[in-house]
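Examination of the molecular architecture
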Amino acid sequence: MAMPVLGTKLFVPPLRKRAVPRPRLVERLHEGLSSGRRLTLISAPAGFGKTALVSEWIADAQRRNSRIRVGWLSLDESDNDPARFLTYLGHALHRADPGIGREAANQPAGSLIPTLTALINAIAAGEFDIILVLDDFQLIEDPSIRDALVFLLEHAPSALHLVIVSRSDPLLPVARLRAGGVLTELRAADLRFSTVEAAAFLNEMMGLGLSTADVDALETRTEGWIAGLQLAALSMQERTDVAGFIQGFTGSNRFVIDYLAEEVLQSQNESTRDFLLRTAVLERLTASLCDELTGQPGGAAILESLDRDNLFVIPLDDGRRWYRYHHLFADALRARLLRDRPDLVPQLHGLASAWYEEHDLPEEAVTHALAAADFDRAARVIESIIPSIRRSRQDATLLRWLALLPEHVIDRRPVLGVYRAWSSIVAGDLAAVEPRLHAVEMALAATAADGANTHLSLPGEELQKLPVSIEVYRAAVAQSRGDVAGTRQHAQRALDLTRPDDHLGRSAAAGFLGLASWAAGDLKAGVRAFREVQTGLRLAGNTADLLATTIVLADMLIPQGRLWEAQSAFERALQLAAEQGDPPPQSTADLHVGISELFLQRNDLPAAAAHLAAAEALGGRASTHENRHRSYLALARLREAEGQPEAALDLLATAERLYLRGFFPEVRPIAAMKARLWISQGRLAEAEAWADEQGLTAADDLSYRREFEHITLARLLLGTHTGARQPGSLDDVTGLLERLLTAADAAGRTGSATEILILQSLVHAANGRTAQGLAPLNRALRQAEPEGYIRLFLDEGAPLAVLLRAAAETGVVGDHVRRLNRAFRQADGTAGAMAAARSDRPLTALSERELHVLRLMATELSGPQIAGELYVTVNTLRTHTKHIFAKLEVNSRPAAVRRAEALGLI
Amino acid sequence: MSTSSSPSPDPGWYEIRLQGQLDSSWAEWFDGLTLTADSDGTTTLTGPVADQAALHGLMRRVGDLGVPLISVNPLRRRHS
C-alpha cells in the first residue's frame, strides 16, 4: 500500500452559509497583507470563527487582486513528522501555483532546509502572491517543524504571506515577531461577536426575531462566543417557547457547550442522534464510512441534512464527499458517547480502521486500529506499508507507531522486530539492539525448523531482506563501539547474504566493510568496498548518498597517493551534482572543498581558491554537517601556502569548533595540523606540549589511525634538533621514520610514504650527510611525479630546496625536479604578492539569483527569453547581468560563462 | 517504549478548577477524573494524572473546549 496525499487536507474551506460578514476584521487582515507583514496569527480557542474569517478574507482578497493565489493546509497530529509536513506544505503550495512544489519533491527526503530553500526559490521565481494558511496549527509540537517555519519566515520572499490559525499560541518566537513589526495578530477578544454582530446573526441569518434584551442576554451569557450563539440559535429554531429557552439557558451555570450540545442533541430525531454519536469517533466523515459505523444505509442523506441545517459539519471538498465535525461539537459528542456507550468506542474504531484499510488509506487505518487497541491489526497494516514509509522517509511516523505497539505484538512480527532494533539505534540505546535482533532471529528460525509459520510477518521482499538487515545493524553497533573486527565480520556476513538485486542492502554492507578497512589502515580494501557502495547507490538511484560517499572515497585514495583517481572521482561527482539542477544537492559544496585540496597539492592556488569560493557561494545548505569544518581546513592550507600562517591557525581553530565526530575515523586530527604549523614557524614549545598531551613518543607502536600524528612527531623531533644549540642524536627520528615507511609501504599508502621519504632525506641533511639524503629523495620524486605532487615538497622550505639543487647537480634531472625548482624560486616572491592581491580584491560571492541567471546565460536562450524564464522584466535582468559582470570582472556574456565555468560555478 | 510497560507507579494528584459547570458526564472524556460542580459556578476536576505529558494533554482538552481555566494545583498524594 502506498501513502496517499489526502486532498481534503488541502481544501480551501468555502464561505459558510448564514455567516455574518465581518468587514472590520477582514479589513485588518487586508491591512496586514498590504503593509507587507509576513505573518498573520489568528490565535483563539475553538468556536471563535477563525477558519470562517480566513475564508471570508481570502475570497475578498482574491476579488481585489487577481495575482493572489491561496495554499491551504489543515494540519492533524500525524503532521508532526517533518518529512510528512514538508510533503504537504509542498502540495499546498503546488495547489496555489502549479509552478511550485515539484522541485521540493526532487529533494532528498528528510532534508528540511534544502527542501524549504527550493520552495522559497520557486515562490520567488513565480508570478503570483501566495497566501499560505496553516490551519489547526496547535497540533504541531515537533521542534524541527517549528525551526523550519522560523527559517521560512526569515527567508521567505515578499510574495509569500503566511497565516497561522491556532487554538493556542504557536511555538514560534511570537514576541520577537511582534516587536519586529512582521506580525498581524487577531485574538479571542477581537474575534468575539459584538452585540450588533450577535443581533445580525440571530435575527437576520437565523431569522429568530429576538428582542434587543434577549440578544443582550444571550450575548452576555456566551460572552460573544460564536459557537455558543450558533448552538443557541439551533436550539431555538424549532422551538415554540423561545423565551423559556433563553430563561433556562441564561439562568444556568452550566458551561455553555455542555448545556447547548445537550439541547441540540435532544432536538434531533433518534436516528440522527445515533448517527452523531457513533460517527463522533471519526476525524473525517464520508457517507459509506458513516454507514459502516452506524450499520445502516442513509449516511449520505443525513450528512446532507446536517450540512443544510448548518449543524456543525464542515465540508472538506468541493463535491461534498468528505466532512468533518466542528471540533467543539465533536468533543461534546465524544464525551456523550463515552458516558452512554463506552463499550462501543473500540468497536467503532475497529470498523473505521477496516473501512480505511479497504479504501487504501493505511495511515488512518493504523490510527483507528491503535485507538481501538487492536494492536494486531495495527501491526499488520504498519508492516504492509513499511516500504512506502521508508521510501518517503517518514521515519518519525514509523518510530511513533513502533513506540505505541506492545512488545509481544512486535515479537510475533520479525519485520517489525528489526525496525524496533533500528529504533534503538536511532535512540542511541546500543545495549537494547542485540537482544532485539536476537529475538527476530529466533522467530525466523522457529519457522524454518517445523515448516509452520510461527510468526505473522507476510512473505515478501521485506521478510527476505531481514537476515541482511540484522547483520547490517550489528555492524552498525560494532562500528559505533569502535570494534573493527566485529564490524568487518557482520558486514561481510551481510554482504554474503544479499541477493544480487538488493542494491541498497549491498551498499550498506559494503559501506561498513569499507569503514572497518579504513579504520584498520587497509585503504586498498576500503576503496574497493566504497566502489561497490557507489555501484549499489547508482543502481538504486540514490544520488544524494552517491555524492556524499565520493568524499569518503577520496579520503582513502589520497593517502595512497592516487591523486588523479581522486580528482576524477570529484569531477564526475560535480558533474552529476550539476545535472541535478537547482538547487544543488547537499554535498556539492563539500565536493568543491575536496577537489580544491588536490589543486592545492599541485600548487594551482587560483584553482583551489576558485573552488573554495564556489563552495562558499553555495553556502552551508549545500554541505553536510559532518563536513562543514573541512572548508576551514582547506582554507587554512591555502593561507599557509600563501604565507599567512597566523590566518591559517585562526581558521584551524574555527574548524576545531565546527568538527563533529561522525562515522569516519579521525585520521588527520586538527590538533596535529596545528602542531605542524607551529613546528614550521619554530613555535616548538607549543608543539611539544601537543605531543605530550597526546602521549606521543618515537617508540610507540604504529597504526594507521595515528600515522599523521607520528609523522608530525618526527617533524617535531627534527625541528627540535635543528633549532637546538647543541644538537643531540637523530637516531630516534631515524628509527621512527624507518618504521613508519615500512608500515606505509606494506599497506600501499604511497602518499604517506612519499612524505616520509622526504623527511628521511631532510634528517640525513640535518646530520650533514646530504649525499645519503638523495636516495630517499630520489624515490620520493619518482613516486610524486606521475601524480603531480608539488606542495608536499614546497612546504618543506629552504632545506629541501638545497637538497633538490644537490640532486640536480648530481645528475638527478627530469621534468619534476625542474618544476619543483621553479616553484621554489617563485614561492618567496609570489606568496606575498598573492596574499596582497587577494585582500585587495576578494572574490565577491554570487547570490543564488545571480547563479541562476548565470546558468541561463550558458544556454541558447536570448535575453528576453531568460527574463521570461525568471518572471522578471528585461530591465531587472540587465541589473542582475551587470552585477554578475562586475563580480566576475568580465564585460560580455561569453566571457562571463567562460569565467564561471573555469571557477566551477556552473 | 511500549504501552505494555507498567503505568507510572506514583501518579501525582491534581485539582483543576474551571469556570462554568460541567456535569459528570464529561468525567470519561477527562480521563476519568472526578468532576465536582461547585456552588460558585465553577467545576473542579480531581484525580491522578500519570505524568507531565498527561497533565499537558488534559490542559489541551480544557483549551479545546474553550472552558476558562482558573487554576491547577498539585495535591499531596492520596492513596485511593
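As a convention, each chain's residues are numbered from 1 in the sequence order in which they are written. Here the convention is simple: chains get letters from A, ligands get numbers from 1, in the order in which they are written. In keeping with the predicted nature of the model, local features appear solely for residues at pLDDT of at least 70, side-chain atom pairs appear and are counted solely at 80 or more, and the whole-chain, interface and lining totals rest on all residues. Just so you know, side-chain values use all the structure's heavy atoms and leave hydrogens and water out.

As a further point, take the overall build of chain B. The helix and strand labels rest on DSSP assignments: H or I over at least four residues marks a helix, E over at least two residues marks a strand, and numbering proceeds from the N terminus. Counting secondary structure elements, chain B contains one helix and four strands. Start at the N end of chain B and walk to the C end: the helices and strands fall as β-β-β-α-β. Each residue gets one of three labels from its accessible area relative to the maximum for its type: buried under 20%, exposed over 50%, partly exposed in between, using a 1.4 Å probe on protein chains only. For chain B, the proportion of its 80 residues judged to be buried stands at 38%. Long-range contacts, defined here as pairs at least 24 residues apart, represent 63% of the contacts in chain B between residues at least 6 apart. By definition, residues are in contact when any of their heavy atoms lie within 4.5 Å.

Structurally, the α-helix is built with 3.6 residues per turn, so residues lying three or four positions apart point the same way. One fewer than the residue count of a helix, multiplied by 1.5 Å, yields its expected span. Over its 14 residues, helix 31 (residues 588–601) of chain A extends 21 Å from the first C-alpha to the last, a length consistent with the 20 Å expected when each residue adds 1.5 Å. Extensive coverage of helix 31 of chain A is indicated by the burial of 13 of its 14 residues.

By convention a nonpolar core is built from buried Ala, Val, Leu, Ile, Met, Phe, Trp, Tyr and Cys residues, the set being connected through side-chain atoms within 4.5 Å. Core analysis: the largest hydrophobic core is formed by 177 residues, its most contacted members being Leu-134, Leu-202, Met-236 and Tyr-325 of chain A together with Phe-30 of chain B. Examining the composition of this core, we find that eight residues originate from one element, helix 11 (residues 226–237) of chain A, more than from any other. Domain boundaries shown here were taken from an automatic or database domain assignment. Both of domain 1 (7–191) and domain 2 (195–267) of chain A provide at least three residues apiece to this core. Sequence-distant contacts of Leu-202 of chain A, defined by excluding residues within four places in its chain, comprise Gly-207, Leu-208, Leu-210, Val-215, Leu-218, Leu-229, Ala-233 and Met-236 of chain A. Ranked by size, the runner-up nonpolar core spans 111 residues in total, among them Leu-513, Phe-570, Ala-634 and Ala-714 of chain A.

Take the interface of chain B and chain A next. Counting residues at the interface gives 21 residues for chain B, matched by 28 residues for chain A. Put simply, buried area is the surface a 1.4 Å probe can reach on two separate parts but cannot reach once they are joined, added for both. A buried area of about 2000 Å², summed over both sides, lies between chain B and chain A, and 58% of it is on carbon and sulfur atoms. A pairing counts as a salt bridge when a side-chain nitrogen of Lys or Arg comes within 4 Å of a carboxyl oxygen of Asp or Glu. Remark: the boundary between chain B and chain A carries one salt bridge. With a closest N to O distance of 2.6 Å, Arg-60 of chain B and Glu-141 of chain A form a salt bridge.

This part is about the packing of aromatic side chains. Any pair of Phe, Tyr and Trp rings, taking the six-membered ring for Trp, is counted once the centres come within 6.5 Å. Such a pair is stacked with planes under 30 degrees apart, edge-to-face with planes over 60 apart, and tilted for the rest. This structure, assessed with the given rule, holds 12 aromatic pairs over all chains. Ring plane angle 45 degrees and centroid distance 6.1 Å describe the contact between Phe-193 of chain A and Phe-201 of chain A, whose orientation is recorded as tilted. In this structure Phe-193 of chain A comes out as buried when scored by relative accessible area, which is 5%. For Phe-201 of chain A, a relative accessible area of 4% translates into the label buried. Seen in terms of ring centroids, Trp-26 of chain B and Trp-29 of chain B are 5.6 Å apart; in terms of plane orientation they differ by 85 degrees. Their pairing is edge-to-face. Each member of the pair, Trp-26 of chain B as well as Trp-29 of chain B, is classed as buried. Of the aromatic side chains, those joined through ring pairs into one cluster are Phe-245, Phe-249 and Tyr-259 of chain A. Placement of a positive charge over a ring is assigned whenever Lys NZ or Arg CZ falls within 6 Å of the ring centre and within 35 degrees of the normal to the ring plane. Across from the ring centre of Phe-128 of chain A, 4.0 Å away, lies the NZ or CZ of Arg-69 of chain A, which sits over that ring.

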